[in-house]
Amino acid sequence: MSLDCSCKKILLNALTFLIVTAIAGAPPLEAKPRDKDRWDQKYSTEAYIFGKDPVPFLKQNVHLLPKGKALDIAIGEGRNGVYLATQGFDVVGLDISEKGLAKAHQLAKQNGVTIETQVVDLENHRLEKNAYDVILLMYYMQRDLWPQINDALKPGGMAIIETYNVDHLKHQKFNPKWLLKTNELLEAFKDMKIIRYQAYEDNDQAYSSIIVQKTE
Ligand SMILES: C[S@@+](CC[C@H](N)C(=O)[O-])C[C@H]1O[C@@H](n2cnc3c(N)ncnc32)[C@H](O)[C@@H]1O
């Protein structure tokens, strides 16, 4: 059988595609399979790797937060979101790790409360606008999320944010791009009302924390 020139070309292209796909493997089914796998693996232990207690800054300032609906962004195993649920907030937690969320539900049960959760990749997710009285963002560094926080809060709503800052390098190796620069949170949230701020350092860690309020 003889094939004309264009037919040969189509067959050749199809063959090339099959070979490339076989070598490279199937295209990923989700945006960040490596993040998801990495975190699912970290959370695949009975122990709560970040503990079961909320971060001290949240506990110290919970009385300032307006009661209502709270969103815990990257809730992980739930130490902060579950604490808010015990304080009477309706909590929704987002995270890429199903294993983390399963542990968050388990922690909620241990505390006699319930929370809602959703598996999302925050790098491909938009926060619902005008929806929350409180937003928690604890130890999850994705700078392009910050501008969405004001929009996602209801008027009068507050966000509470904490993560490691550059001084943490004195205590531990860390990729500097995931660390807050000096006063970075103050600068990033300068259009909101700043209610509390601290740059904290002790013998083994350094982090910055802020509470901001949506004014209009
Ligand atoms: C350092 S942990 C902090 C967990 C929690 N906020 C806390 O303070 O205990 C970071 C969390 O971000 C989640 N995460 C990482 N990449 C993500 C992504 N692209 N979308 C959603 N969650 C993600 C991880 O699964 C993990 O639970």
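Described in the following lines is the structure provided in the data block. (Residues numbered from 1 in each chain as written. Predicted model: local features only at pLDDT ≥ 70, side-chain atom pairs only at ≥ 80, totals over all residues.)

Description of the overall build of the protein
Note the threshold: Only DSSP runs of H or I with at least four residues qualify as helices, and only runs of E with at least two residues qualify as strands; both kinds are numbered from the N terminus onward. Backbone-placed C-beta atoms define the burial measure: a residue is buried with 20 or more other C-beta atoms within 10 Å of its own, exposed with 12 or fewer, and partly exposed in between. Each residue is represented by a C-beta atom placed from its backbone, and any two residues with such atoms within 7 Å are regarded as in contact.
Scanning the protein for helices and strands turns up 7 helices and 7 strands. Counting from the amino terminus, helix and strand elements in the protein follow one another as α-α-α-β-α-β-α-β-β-α-β-α-β-β. By residue count, 31% of the 216 residues in the protein fall in the buried class. Within the protein, contacts between residues at least 6 apart in sequence are counted, and of these 60% link residues at least 24 apart.

Here we look at the packing of helix α4 (residues 79–86) against helix α5 (residues 98–110)
Formally: Angles shown run from 0 to 180 degrees and are taken between the N-to-C directions of axes, each axis being a line fitted to C-alpha atoms and, for helices, limited to the stretch in contact. In these notes the angle categories are as follows: under 35 degrees is roughly parallel, over 145 is roughly antiparallel, 65 to 115 is roughly perpendicular, and the rest is oblique. A crossing counts as left-handed when the near helix is turned anticlockwise from the far one by less than a right angle, and as right-handed when that turn is clockwise.
Packing of α4 against α5 leaves a shortest axis separation of 9 Å and a crossing angle of 30°. Put simply, α4 runs roughly parallel to α5. As for the relative orientation of α4 and α5, their crossing is right-handed in sense. Contacts between α4 and α5 pair G81, V82 and A85 from the former with A104, L107 and A108 from the latter.

As for the site of the ligand
Selection criterion: Being near a molecule or strand means, for a residue, that its backbone-placed C-beta atom lies within 6 Å of it. Residue type decides the class: Asp, Glu, Lys and Arg count as charged, Ala, Val, Leu, Ile, Met, Phe, Trp, Tyr, Cys and Pro as nonpolar, and the leftover types, Gly among them, as polar.
Among the 20 residues in the neighbourhood of the ligand, the closest are listed as W39, A74, G76, I96 and L122. Of all the secondary-structure elements, those providing two or more residues to the shell around the ligand are α2 (33–42) and α4. For the shell around the ligand, the class distribution of residues is 10 nonpolar, 4 polar and 6 charged.

Focus on the nonpolar core
Threshold: Working definition: the nonpolar core is a set of buried Ala, Val, Leu, Ile, Met, Phe, Trp, Tyr and Cys residues, joined through C-beta atoms within 7 Å.
With 42 residues, the main nonpolar core has A70, I73, V134, I135, L136 and A159 as its most contacted residues. Among the elements that make up this core, the one with the highest residue count is strand β4 (residues 132–138) (6 residues). When residues no more than four places from it in sequence are discounted, the contact partners of I73 are L94, L122, I135, L136, L137, Y140 and L145.

Some points on the pairing of strand β5 (residues 153–164)
As a reminder, the rule being used: Strand pairing requires that DSSP identify at least two bridges connecting the strands. For the handedness criterion, the strands are oriented away from the viewer, and a crossover whose path from the first strand over the helix to the second runs clockwise is classed as right-handed.
Of the strand pairs in this sheet, β4 and β5 are connected by 6 bridges, and their pairing is parallel. Residue pairing across strands places Y132 opposite L153, the latter belonging to β5. Taken together, β4, helix α6 (residues 146–152) and β5 constitute a β-α-β crossover, and its handedness is right-handed. As paired strands, β5 and strand β7 (residues 206–213) are joined by 7 bridges and run antiparallel to one another. Among the inter-strand pairings, I161 is bridged to a residue of β7, identified as I210.

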